[in-house]
Amino acid sequence: MLGEFPNPEDLAYGLSGLPERPLYKVGFRQVDLWEDYEGPADDRLYADVYEQWLEPGEGGTT
Amino acid sequence: MNDHHPHEDTSRGRTTSPYAARIRAIETLLIEKGVLTEPEVQDRISYMESRSPANGARLVARAWADPDFKELLLSDAKNAALELGIDLSHPAEFLVVENTPGVHNLIVCTLCSCYPRALLGRPPDWYKSFNYRSRAVREPRSVMREFGFEPPEGVEVVVHDSTADARYMVLPMHPPGTVGMAERELARLVTRDCLVGVNVPRAPVQSG
């Protein structure tokens, strides 16, 4: 969790972006993203993702 | 400074491209209509140009010299920067990620050109290129190799894609062979590329 920020989708249209939305830092294993990834299995990629861009997964824990 | 002959003035990056001409036309209109004044525009340009990778390098050199400062830099970059008189009062979050013997960090913005400008100044053209933005996440090790750096065997490469409201800077490892160097000299080893993570600082080559 990186904090809460005004919603960038609203800001893009000149709106206030309020209420602020939670922003998460989401990590992936590179080998899960790219079939032919060049590096070791431990390499990771983190992207900053707003809560409203996420969907509930299956069988996840809270 | 007389700026009314833009075609003769290539300082400040003023070029004769159609985009530059359009911006100058808009600027002239805004000034004519009293929305902006020429000094305000110049102050803003000076402010943008006053920020450079030297700011980031000072933070790194202090962190290498002072473990308490390093801890603050990693946990609260805005306050750490303020201690050195660098103002990070930008709405975005500032995060400093630490390289260790086991982890090497690399920064990219795949969407556009998000960059910790207050610490590093304006991003270089390659940082904004489609090539870097697509390849840094897909094949970071090849990208670093092209910059002349190959993470040693067993080091994890961690890529941070600043897709939203956080800005990232890398805290490189203190290069071996620089013990006893003054902070100011240490800062000179820390280049912009090291702060983005495409390279690492190296001890100066001893001549003679």
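Residues numbered from 1 in each chain as written. Chains lettered and ligands numbered in written order. Predicted model: local features only at pLDDT ≥ 70, side-chain atom pairs only at ≥ 80, totals over all residues.

Focus on the overall build of chain A
Moving on, step 1. Of the regular secondary structure elements, chain A holds two helices and three strands.
Moving on, step 2. What you see in chain A, going N to C, is helices and strands ordered as β-α-β-α-β.
Moving on, step 3. Here the C-alpha radius of gyration of chain A, 15 Å, is well above what a compact globule of 62 residues would show, namely 11 Å.
Moving on, step 4. Each of the three principal axes of chain A carries a C-alpha extent, and together these read 45 × 25 × 15 Å.
Moving on, step 5. In chain A, which comprises 62 residues, the proportion classed as buried is 13%.
Moving on, step 6. Contacts in chain A between residues at least 24 apart in sequence constitute 18% of all its contacts with a sequence separation of at least 6. (Helix = DSSP H or I, 4+ residues; strand = E, 2+ residues; numbered from the N terminus. Rg over C-alpha atoms; globule rule 2.2 N^0.38 Å. Buried ≥ 20, exposed ≤ 12 C-beta atoms within 10 Å, placed from the backbone. Contact = placed C-beta atoms within 7 Å.)

What about the pairing of strand E2 (residues 21-29) of chain A?
All names here are of chain A.
Moving on, step 1. In this structure, strand E1 (residues 3-5) lies alongside E2, joined through three bridges in antiparallel fashion. The residue of E2 that forms the bridge with glutamate 4 is proline 22.
Moving on, step 2. Bridging between E2 and strand E3 (residues 44-50) involves seven bridges; their strand directions are antiparallel. Bridge pairing in E3 places tyrosine 24 opposite valine 49. (Pairing = 2+ DSSP bridges.)

Concerning the interface of chain A and chain B
Moving on, step 1. Tallying the contact residues gives 16 residues for chain A and 17 residues for chain B.
Moving on, step 2. Residue composition of the side of chain A that touches chain B, by class: nine nonpolar, two polar and five charged.
Moving on, step 3. Pairing of E3 of chain A with strand E3 (residues 156-161) of chain B, which is carried by four bridges, proceeds in the parallel orientation. Residue pairing in the sheet places tyrosine 46 of chain A in a bridge with histidine 160 of chain B of E3 of chain B. (Nonpolar A, V, L, I, M, F, W, Y, C, P; charged D, E, K, R; others polar.)

As for the nonpolar core
Moving on, step 1. Core analysis: the largest hydrophobic core is formed by 49 residues, its most contacted members being Val60, Leu106, Val108, Val159 and Val190 of chain B.
Moving on, step 2. Residues contacting valine 60 of chain B, with those up to four places away along its chain left out, are Leu171, Pro172 and Val190 of chain B. (Core = buried A, V, L, I, M, F, W, Y, C linked by C-beta atoms within 7 Å.)

Details of the confidence of the model for chain A
A low pLDDT score tells you not to read the predicted coordinates there in detail.
Moving on, step 1. Considering every residue of chain A, the mean pLDDT works out to 86; 94% of them sit at 70 or more.
Moving on, step 2. By mean pLDDT, helix H1 (residues 8-11) of chain A is the weakest element of chain A at 82, and helix H2 (residues 30-33) of chain A is the strongest at 93. (pLDDT = per-residue confidence, 0-100.)

Digging into the packing of helix H3 (residues 53-65) of chain B against helix H4 (residues 67-75) of chain B
Residues and elements named next belong to chain B.
Moving on, step 1. It is the contact of H3 with H4, at a shortest axis distance of 5 Å, that shows an interaxial angle of 130°. Considered as vectors, H3 and H4 are oriented oblique to each other. As H3 runs across H4, the sense of the crossing is left-handed. Contacts between H3 and H4 involve Leu59, Arg62 and Ala63 on the former and, on the latter, Phe69, Lys70 and Leu73.
Moving on, step 2. A class-by-class count of the residues in the contact of H3 with H4 yields four nonpolar, no polar and two charged. (Axes fitted to C-alpha atoms, helices over the stretch in contact; angles between N-to-C directions. Parallel < 35°, antiparallel > 145°, perpendicular 65-115°, else oblique. Left-handed = near helix turned anticlockwise from the far one by under 90°.)

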